[in-house]
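Per-entry structural report
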Amino acid sequence: MSIALLATLGLAACGESQKSRADEVPPASQYGHIHAITVEASTQRVLLATHNGLFDATATVPRPVGPPIDLMGFTISSDGTFYASGHPGPGMELPNPLGLMKSTDGGESWIPASLRGDSDFHAMTATSDQLVGFDGILRSTVDGKEWSDVGPMSPSPYALAGSPDNTVVLATTEDGVWRSIDGGRTWSAPGGGPQLRTAAFADQMTVVGISPDGSVYLSIDAGLSWQGTGAEVDQTSAIGATSAADGRLSIWMAMERGLVKFAYDGITLSEETR
């Protein structure tokens, strides 16, 4: 299928039918499983990459954005381009897996970038200079087209966390948190610290992490060291975070009961009513 046709499909999918869906109060399972949570820097939109497509969850009722593609990996690059990977939605005549896709209109439509029919990135993140993804092999790309495989001294992550403001990448694994300071090109193995299931940068230096048992950890040096907050939450499969000027953190967690928002003031983690 041509790039032009895929873009047309994406735009058609977010036409009248999408608008009518956005006006409805969705059931709790409208978006299905949440694979990734990202806060868009330019708009502060809270975006959910889900089994049923991309959703804007900034407001109380999540709103679908673009076609209902099963988005497994999702990230936003430093220039605001959306990147994702996954599987076609119902009735879509697209390669499976989709490889790397990109969107330059905020997720309303998608075009193929590379690895069509070959890769399904279940973990993906962006740094200031490149993308890093894991599809069974840890890979990185500067332009979204040509990929470089990371060597044997690299992690097999549950999740990847990066910031478009620096070149640090964190990989959560069963052995602990691996860390790269050069955009995922080389890695340092865990030297202690917690075992985390998922993690997210709230700003250039602040990272929030959740362990498999629900313990909440914080790093203020881009993942170099970690401190327990003393808080525990339900099992969490994905996390997104952002920080305010006063240091207060807003944290979104994907749990079995759905999307839950928390606030952390440096002392107490409090669940907020959405």
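Here, every reference points to the structure presented above.
Nothing here was measured: the structure is a model prediction, and the numbers come from that model. (Residues numbered from 1 in each chain as written. Predicted model: local features only at pLDDT ≥ 70, side-chain atom pairs only at ≥ 80, totals over all residues. Heavy atoms only, no water.)

Here threonine 229 shows up in strand E19 (residues 227-232). Looking at threonine 229, its side chain comes within polar contact range of the main-chain oxygen of valine 216, at 2.9 Å. Polar side-chain contacts of threonine 229 include one of 3.2 Å to the backbone nitrogen of alanine 231. Those residues in contact with threonine 229, other than ones at most four positions away along the chain, are Val216, Tyr217, Leu218 and Tyr264. (Helix = DSSP H or I, 4+ residues; strand = E, 2+ residues; numbered from the N terminus. Polar contact = N/O pair within 3.5 Å; in protein donor to acceptor, adjacent residues only side chain to side chain. Contact = heavy atoms within 4.5 Å.)

In this section: the environment of histidine 51. Turning to its location among the elements, histidine 51 is positioned in the loop between strand E2 (46-50) and strand E3 (53-56). Measuring from C-alpha to C-alpha, the distance between histidine 51 and aspartate 70 comes to 4.3 Å, with 19 residues separating the pair along the chain. In this view, histidine 51 contacts Tyr31, His33, His35, Ile69 and Asp70; residues no more than four positions away in its chain are not counted. Within the local environment of histidine 51, its side chain forms a polar contact with the side chain of aspartate 70, the two groups lying 3.3 Å apart.

Take the layout of surface pockets next. For the largest pocket, the calculated volume is near 1000 Å³. Around the largest pocket, the lining is made up of 50 residues, and of these Ile37, Thr38, Phe74, Thr75 and Thr125 lie nearest the centre. Only strand E1 (34-39), strand E5 (70-76), strand E9 (123-126), strand E13 (159-162), strand E16 (198-201) and strand E20 (236-243) provide two or more residues apiece to the lining of the largest pocket. At seven residues, the largest contribution of residues to the lining of the largest pocket is made by E20. (1 Å grid on protein atoms, 1.4 Å probe; cavity = no way out; pocket = protein on both sides within 12 Å on 5 of 7 lines; lining within 4 Å. Points joined across faces, edges and corners; volume = space filled by probe spheres on them.)

Judged from the four bridges that link them, strand E22 (residues 258-264) and strand E23 (residues 269-272) form a sheet pairing that is antiparallel. Counted as the bridge partner of alanine 263 is serine 270 from E23. Linkage of E22 to E23, two consecutive antiparallel strands, is achieved through a turn of four residues, within which glycine 266 is found at a positive phi near 100 degrees. (Pairing = 2+ DSSP bridges.)

This paragraph deals with the packing of aromatic side chains. In total, this model carries three aromatic pairs according to the counting rule given. Aromatic pair phenylalanine 74 and phenylalanine 82: ring centres 5.5 Å apart, planes at 85 degrees, arrangement edge-to-face. Judged by relative accessible area, phenylalanine 74 falls into the buried class, the value being 3%. Taking the centre distance of 4.9 Å and the plane angle of 25 degrees together, the rings of phenylalanine 121 and tryptophan 147 count as stacked. Placement of phenylalanine 121 in the loop between strand E8 (111-114) and E9 and of tryptophan 147 in strand E12 (residues 147-149) is noted, with a sequence separation of 26 residues between them. Assessed through its relative accessible area of 0%, phenylalanine 121 is described here as buried. Of the residues examined, tryptophan 147 reaches a relative accessible area of 16% and is grouped as buried. (Phe/Tyr/Trp six-rings, centres within 6.5 Å; stacked < 30°, edge-to-face > 60°. Buried < 20%, exposed > 50% of the residue type's maximum accessible area, 1.4 Å probe, protein only.)

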